[in-house]
Amino acid sequence: QVQPVESGGGLVQAGGSLTLSCAASGRAFSNYAMGWFRQAPGKERDFVAVITSSGESAFYADSVKGRFTISRDNAKNTVVLEMNSLKPEDTAIYYCAARTQYGWVYSDRRAYDNWGQGTQVTVSS
């Protein structure tokens, strides 16, 4: 079991940058692909990015491609989401989770378990 804890959220102006971190407990961290999702008020929890267990491959939602970068350090049990050129529409609670269900595509939240508590990102215009 992997239990993530997110941090690094905050308030930033449009065009600015933030780096989110996800620290995960559990010895099996390096066995799991790890994903970031986000949820704006009144909306569904949407896929942002995922990185494979080895860190060799990453995939992004079209809305963040070219602006966000996901990375991981298996020695430190951490996943990082670097966010640049932030827009007001990026405002949401950002969640980290381990992908445990391979019957769903990587962008489907049902593919993930062990969600963290989330970290708030607010981008002002």
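Structure: above.
Residues numbered from 1 in each chain as written. Predicted model: local features only at pLDDT ≥ 70, side-chain atom pairs only at ≥ 80, totals over all residues. Heavy atoms only, no water.

1. Considering the overall build of the protein
Then comes step 1: When helices and strands are counted, the protein shows 0 helices and 11 strands.
Then comes step 2: Sequence-ordered secondary structure for the protein, helices as α and strands as β, is β-β-β-β-β-β-β-β-β-β-β.
Then comes step 3: Since a compact globule built from 125 residues should have a radius of gyration of about 14 Å, the 13 Å found for the protein is in line with a globular shape.
Then comes step 4: Viewed in the frame of its principal axes, the protein has a C-alpha envelope of about 40 × 30 × 25 Å. (Helix = DSSP H or I, 4+ residues; strand = E, 2+ residues; numbered from the N terminus. Rg over C-alpha atoms; globule rule 2.2 N^0.38 Å.)

2. Some details on the packing of aromatic side chains
Then comes step 1: Within this structure, the stated rule accounts for 7 aromatic pairs.
Then comes step 2: Summarising the aromatic geometry, the rings of Phe-37 and Tyr-112 are spaced 4.9 Å apart at their centres and angled 70° between planes, so their arrangement reads as edge-to-face. Of this pair, Phe-37 sits in strand 4 (residues 34-39) while Tyr-112 sits in strand 10 (residues 112-113), and the two are 75 residues apart along the sequence.
Then comes step 3: With a centroid separation of 5.0 Å and 25° between ring planes, the pair formed by Phe-59 and Tyr-106 is classed as stacked. Of the two residues, Phe-59 sits in strand 6 (residues 58-60) while Tyr-106 sits in the loop between strand 9 (92-99) and strand 10, which places them 47 residues apart along the sequence.
Then comes step 4: Taking relative accessible area as the criterion, Tyr-106 reaches 31% and is therefore assigned partly exposed. (Phe/Tyr/Trp six-rings, centres within 6.5 Å; stacked < 30°, edge-to-face > 60°. Buried < 20%, exposed > 50% of the residue type's maximum accessible area, 1.4 Å probe, protein only.)

3. Quick word on the state of the cysteines
Linking two cysteines covalently via their sulfur atoms produces the bond known as a disulfide.
Then comes step 1: Using the criterion set out here, one finds 1 disulfide in the structure.
Then comes step 2: There is a disulfide in this structure between Cys-22 and Cys-96, and the S-S distance comes to 2.2 Å. On the sign convention where negative is left-handed, the bridge of Cys-22 and Cys-96, at about -80° about the S-S bond, is left-handed. In this pair, Cys-22 sits in strand 3 (residues 18-25) while Cys-96 sits in strand 9, placing the two residues 74 residues apart along the sequence. (Disulfide = S-S within 2.5 Å.)

4. A look at the pattern of salt bridges
Then comes step 1: On inspection of all chains with the given rule, the structure shows 4 salt bridges.
Then comes step 2: Across the pair Lys-65 and Asp-62 runs a salt bridge whose closest N-O atoms are separated by 3.1 Å.
Then comes step 3: When its relative accessible area of 65% is taken as the criterion, Asp-62 is described as exposed.
Then comes step 4: The salt bridge involving Arg-110 is made with Asp-108; its shortest N-O contact spans 2.8 Å.
Then comes step 5: Each member of the salt-bridge network shares a partner with another, and the members are Arg-38, Arg-67 and Asp-90. (Salt bridge = Lys/Arg side-chain N within 4 Å of Asp/Glu carboxyl O.)

5. Focus on the nonpolar core
Then comes step 1: Trp-36, Leu-81, Met-83 and Tyr-94 are the most contacted members of the largest nonpolar core, which totals 34 residues.
Then comes step 2: Listed by contribution, the elements that provide at least two residues to this core are strand 3, strand 4, strand 5 (45-51), strand 7 (68-73), strand 8 (78-83), strand 9 and strand 11 (119-124). (Core = buried A, V, L, I, M, F, W, Y, C linked by side-chain atoms within 4.5 Å.)

6. Topic: unusual backbone geometry
Then comes step 1: At Ser-85, a residue that is not glycine, the phi angle is positive and equals roughly 50°.
Then comes step 2: Mapping Ser-85 onto the fold places it in the loop between strand 8 and strand 9.
Then comes step 3: Positive phi, close to 60°, is recorded for Asn-114, a residue that is not glycine.
Then comes step 4: As for its position among the elements, Asn-114 is in the loop between strand 10 and strand 11.

7. Notes on the sheet that holds strand 1 (residues 3-7)
Then comes step 1: Taken together, the 4 strands give an open sheet; going across it, the order is 1-3-8-7, and neighbouring strands pair in antiparallel fashion. At either margin of the open sheet sits one strand with a lone partner, and together these are strand 1 and strand 7. Pairwise comparison of adjacent strand axes, ignoring direction, gives a mean angle of 20° for this sheet.
Then comes step 2: Examined bridge by bridge, strand 3 and strand 8 share 6 bridges and lie antiparallel to one another. Within strand 8, the position partnered with Leu-18 by the bridge is Met-83. (Pairing = 2+ DSSP bridges. Axes fitted to C-alpha atoms, helices over the stretch in contact; angles between N-to-C directions.)

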